[in-house]
Amino acid sequence: GVHRQILFTTVGWFVGYYLIKRTEYVHAKLDRELSEYVRQHPEDFKAAEKRRIGELLEDFYPVR
């Protein structure tokens, strides 16, 4: 009946809430570890030199 629908909805909401919080925690932990690694090893993550858009694209030759 209706009481089962309310029960399953409530249980589903709590399980979903827990799973969302768990995934947010795992991603935050990975982000923290990665940013700490980047901070400790700056020689591995040097900024790339700026290039103009013309250097990135190939020359255009129209096909007729």
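Residues numbered from 1 in each chain as written. Predicted model: local features only at pLDDT ≥ 70, side-chain atom pairs only at ≥ 80, totals over all residues. Heavy atoms only, no water.

Chemist: Any chance you could explain the overall build of the chain here in plain terms?
Modeler: Helix and strand counts for the chain come out as two helices and zero strands. For the C-alpha atoms alone, the extent of the chain along its principal axes is close to 70 × 50 × 10 Å. Looking at the chain as a whole, 0% of its 64 residues are labelled buried. If you sum the accessible surface of the chain, you get close to 6900 Å²; carbon and sulfur atoms cover 61% of it. In the chain, the 11 positive side-chain charges and the 10 negative ones have mean positions that sit 9 Å from each other. (Helix = DSSP H or I, 4+ residues; strand = E, 2+ residues; numbered from the N terminus. Buried < 20%, exposed > 50% of the residue type's maximum accessible area, 1.4 Å probe, protein only. Areas by Shrake-Rupley, 256 points an atom, 1.4 Å probe, with all protein chains shown as cover. Lys, Arg positive; Asp, Glu negative; His and termini not counted. Charge placed at Lys NZ, Arg CZ, Asp CG, Glu CD.)

Chemist: Just to check I follow, could you spell out the pattern of salt bridges for this structure?
Modeler: Between side chains of opposite charge, a pair can form as their charged atoms come close. Following the criterion strictly, the structure yields two salt bridges and no others. For Lys21, the salt bridge identified is with Glu24, shortest N-O distance 3.8 Å. Here the residue Lys21 and the residue Glu24 both occupy positions in helix α1 (residues 2-40), the gap between them amounting to three residues, near one helical turn. Glu36 is paired through a salt bridge with Arg39; the nearest N and O atoms lie 2.6 Å apart. Note that Glu36 and Arg39 are positioned in helix α1 at a spacing of three residues, about one turn of the helix. On the accessibility criterion, Glu36 (32% relative accessible area) is partly exposed. With relative accessibility at 58%, the residue Arg39 sits in the exposed group. (Salt bridge = Lys/Arg side-chain N within 4 Å of Asp/Glu carboxyl O.)

Chemist: So what exactly am I meant to see when it comes to the packing of aromatic side chains here?
Modeler: Centre distance and the angle of the planes are the two values used to describe a pair of aromatic rings. Counted by the stated rule, this structure contains three aromatic pairs. Seen from their ring centres, Trp13 and Tyr17 are 5.4 Å apart, and the 10 degrees between their planes marks the pair as stacked. Taken together, the residues Trp13 and Tyr17, both in helix α1 and four residues apart, mark about one turn of the helix. When its relative accessible area of 53% is taken as the criterion, Trp13 is described as exposed. Take Tyr17: its relative accessible area is 44%, and that puts it in the partly exposed class. Between the aromatic rings of Tyr37 and Phe45, the centroid separation amounts to 6.1 Å while the plane-to-plane angle is 90 degrees, which identifies the pairing as edge-to-face. Assessed through its relative accessible area of 43%, Phe45 is described here as partly exposed. Ring-pair connections join several aromatic residues into one group, and the members of that group are Trp13, Phe14 and Tyr17. (Phe/Tyr/Trp six-rings, centres within 6.5 Å; stacked < 30°, edge-to-face > 60°.)

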